[in-house]
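# Summary of structural features
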Amino acid sequence: MSNHSGLKLYRAPTDYLYMVLVFSLSILFSMAILVPLIFVVAASFSSPDALMAGQVLLWPVEFNLRGYTMVLEHKMLITGFTNTLIYAGAGTVINVVLTILAAYPLSRRDLKIRNPVMFLFAFTMLFSGGMIPLYLLVRDLKLINTRWAMLLPNAMAVWNVIITRTYFQSSLPDEMLESANIDGCDDFRFLWKIALPLSVPIIAVNVLLYAVGHWNSYFNALIYLNDNALYPLQLVLRDILIQDDTAGISMDVTKQLEQQRLRYLLQYSTIVVATVPVAILYPFVQKYFVSGIMVGAIKG
């Protein structure tokens, strides 16, 4: 007992230093993430003159809402926000449904072709046809300049299928399926009545990953959409910055300097406008996110 107690007392300083190191690194990483975010928010509420003078650090200087007023008064903002809600909502539903329908069969050990199918899925993560063949495919399917062009080309992510399949394998033992089959439960009823209620964490992970992807997506819209009425929010915000950047070409020097100051302010305001909705969504699924993605990524 004394030797064991002595061993514990001997190791205590090392453990203490280890905890100090862990907490110090955690604080440094947290500051590296939080400080830029706080600066962006502070800059968005500051005056253009304060931004140009470099006076803004972590608190607004000469508080004003001019940047947000300019962004919110843009005629296309409501349209872009509505379109993004449609793309994020409908797209996430399509993504999650297809991911579950692909992941659940691949998690079943009695599916003989699951390894070849999984290989084909994983192959697409390393090799693809490229942007031009994909565009030609979307064009031939008559999806150009339609909402479906934002929903169908990226209807399922292989990485999400992998972590969802692994979650099913680790959380749904074969004995559970066998018991359900004895009671007369078929595969679809087992998936709907038993598997999905037990898979809320991984479903929440998929919802968050897909929703954030749709919310931040702009490249597909840039390629496939020509009608401004179909533009998502990110493309509208991009156009606001581009228009503001080029509007001063024909102005005199004084007006160009004023336009430059406003452009800096607009950059930070648009970042906040585009980020806030996702930041609001995250706390509601955060408690599921860590457990779901860890279980889905470790075992299997």
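The structure displayed is predicted, hence computed values, not measured ones.

## Focus on a nonpolar patch on the surface
On the surface, Ile27, Met31, Ile33, Leu34, Val35, Leu37, Ile38, Leu57 and Leu58 cluster together into a nonpolar patch covering about 850 Å² of accessible area. Relative to the assigned elements, Ile38 resides in helix α1 (residues 2-44).

## Some details on the side chain of Thr84
Here Thr84 shows up in helix α4 (residues 77-107). Reaching out from Thr84, the side chain makes a polar contact with the backbone nitrogen of Leu233 at a distance of 2.5 Å. Filtering out sequence-adjacent residues up to four positions away, Thr84 remains in contact with Trp215, Pro232, Leu233 and Gln234.

## A word on the pattern of salt bridges
Tallied over the entire structure, the rule returns three salt bridges. Here Asp110 makes a salt bridge to Arg108, at a shortest N to O gap of 2.8 Å. The exposure class assigned to Asp110 is exposed, which follows from its relative accessible area of 53%.

## Some points on the packing of α4 against helix α11 (residues 200-216)
Between α4 and α11, the least distance of the axes is 8 Å, while the angle of their chain directions is 140°. Looking at the two axes, α4 sits oblique to α11. With respect to the hand of their crossing, α4 and α11 are arranged in right-handed fashion. Residues Phe81, Thr84, Leu85, Tyr87, Ala88, Gly91, Thr92, Asn95, Val96, Thr99 and Ile100 of α4 form the contact with α11, whose participating residues are Ile203, Asn206, Val207, Tyr210, Ala211, His214 and Trp215.

What counts and what doesn't
- Residues numbered from 1 in each chain as written.
- Predicted model: local features only at pLDDT ≥ 70, side-chain atom pairs only at ≥ 80, totals over all residues.
- Heavy atoms only, no water.
- Patch = residues over 30% accessible without salt bridge, like charges linked within 9 Å, V, L, I, M, F, W, Y side chains within 5 Å.
- Areas by Shrake-Rupley, 256 points an atom, 1.4 Å probe, with all protein chains shown as cover.
- Salt bridge = Lys/Arg side-chain N within 4 Å of Asp/Glu carboxyl O.
- Helix = DSSP H or I, 4+ residues; strand = E, 2+ residues; numbered from the N terminus.
- Polar contact = N/O pair within 3.5 Å; in protein donor to acceptor, adjacent residues only side chain to side chain.
- Contact = heavy atoms within 4.5 Å.
- Buried < 20%, exposed > 50% of the residue type's maximum accessible area, 1.4 Å probe, protein only.
- Axes fitted to C-alpha atoms, helices over the stretch in contact; angles between N-to-C directions.
- Parallel < 35°, antiparallel > 145°, perpendicular 65-115°, else oblique.
- Left-handed = near helix turned anticlockwise from the far one by under 90°.

The values are spatial; any link to function lies outside them.
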